[in-house]
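Observations on chain architecture
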Amino acid sequence: MKKTPTAGIGLLLLAAATLSYFLGYQASCKKFEDWEALRGYGSRTFYATVAEIHDDYLTVKGRKENDINFRESFTGMFSMKGVSCYSCVAKEISPSELKVGDMASVTFTGCLIGNQFGPNMRMLQVWLLDDGR
């Protein structure tokens, strides 16, 4: 009767699984370097209509599809510096291509105070929902 080193095989499999997990985690984090804030602070996304555009700032109005915190009475003004913008077909676009009336999803980090953003708010991404262009 031949003995098999089951404990050794089990430890080898456990080590391989652990190494695979950490390598996969590192690879996925590198893939999303632009979303650094998503890793540490969490993020929220809501649907909005672009209400005004001023230089490097974008004012949006919440849509009725959102939860109660981001409905139509909600208005937020965002700095567009460092923000990634995408068309509805996942093509990166310039923030200057956004137009008043565009429907978008807005992803940000930070907190809300009432129905306004707190001082630590940072917009991360704007995705057009229907660019119709």
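Scope of this entry: the structure provided in the associated data block.

Conventions and cut-offs
Residues numbered from 1 in each chain as written. Predicted model: local features only at pLDDT ≥ 70, side-chain atom pairs only at ≥ 80, totals over all residues. Heavy atoms only, no water. Phe/Tyr/Trp six-rings, centres within 6.5 Å; stacked < 30°, edge-to-face > 60°. Helix = DSSP H or I, 4+ residues; strand = E, 2+ residues; numbered from the N terminus. Buried < 20%, exposed > 50% of the residue type's maximum accessible area, 1.4 Å probe, protein only. Pairing = 2+ DSSP bridges. Salt bridge = Lys/Arg side-chain N within 4 Å of Asp/Glu carboxyl O. Core = buried A, V, L, I, M, F, W, Y, C linked by side-chain atoms within 4.5 Å. Contact = heavy atoms within 4.5 Å.

Summed over all chains, the structure comprises 2 aromatic pairs. On the numbers, 4.5 Å between centres and 20 degrees between planes, the contact of Tyr86 with Trp127 is stacked. Within this pair, whereas Tyr86 is found in strand β4 (residues 84-86), its partner Trp127 is found in strand β9 (residues 122-128), the two being separated by 41 residues in sequence. Residue Trp127 is classed as partly exposed on the basis of its relative accessible area, which comes to 26%.

Relative to strand β2 (residues 57-62), strand β1 (residues 44-54) runs antiparallel, the two being bridged by 6 bridges. Residue pairing across strands places Ala48 opposite Gly62, the latter belonging to β2. Connecting β1 to the antiparallel partner β2 that follows it, the hairpin turn spans 2 residues, and Asp55 within it adopts a positive phi of roughly 45 degrees.

For the rest of this paragraph, the subject is the pattern of salt bridges. Tallied over the entire structure, the rule returns 2 salt bridges. Salt-bridge contacts for Arg44 lead to Asp67; the nearest nitrogen and oxygen are separated by 3.7 Å. You can see Arg44 sitting in strand β1 and its partner Asp67 sitting in the loop between β2 and β3 (75-79), a full 23 residues away along the chain. Of the charged contacts, one joins Glu65 and Arg63 as a salt bridge, the two residues approaching to 3.3 Å between their closest N and O atoms.

Formed by 20 residues in total, the largest nonpolar core has its most connected members in Phe46, Leu58, Phe78, Leu98, Met123 and Val126. If you list the elements that add at least two residues to this core, you get β1, β2, β6 (103-109) and β9. The contact partners of Leu58, leaving out residues within four places of it in the chain, are Val50, Glu52, Ile53, Gly76, Met77, Phe78, Met80, Leu98, Met123 and Val126.

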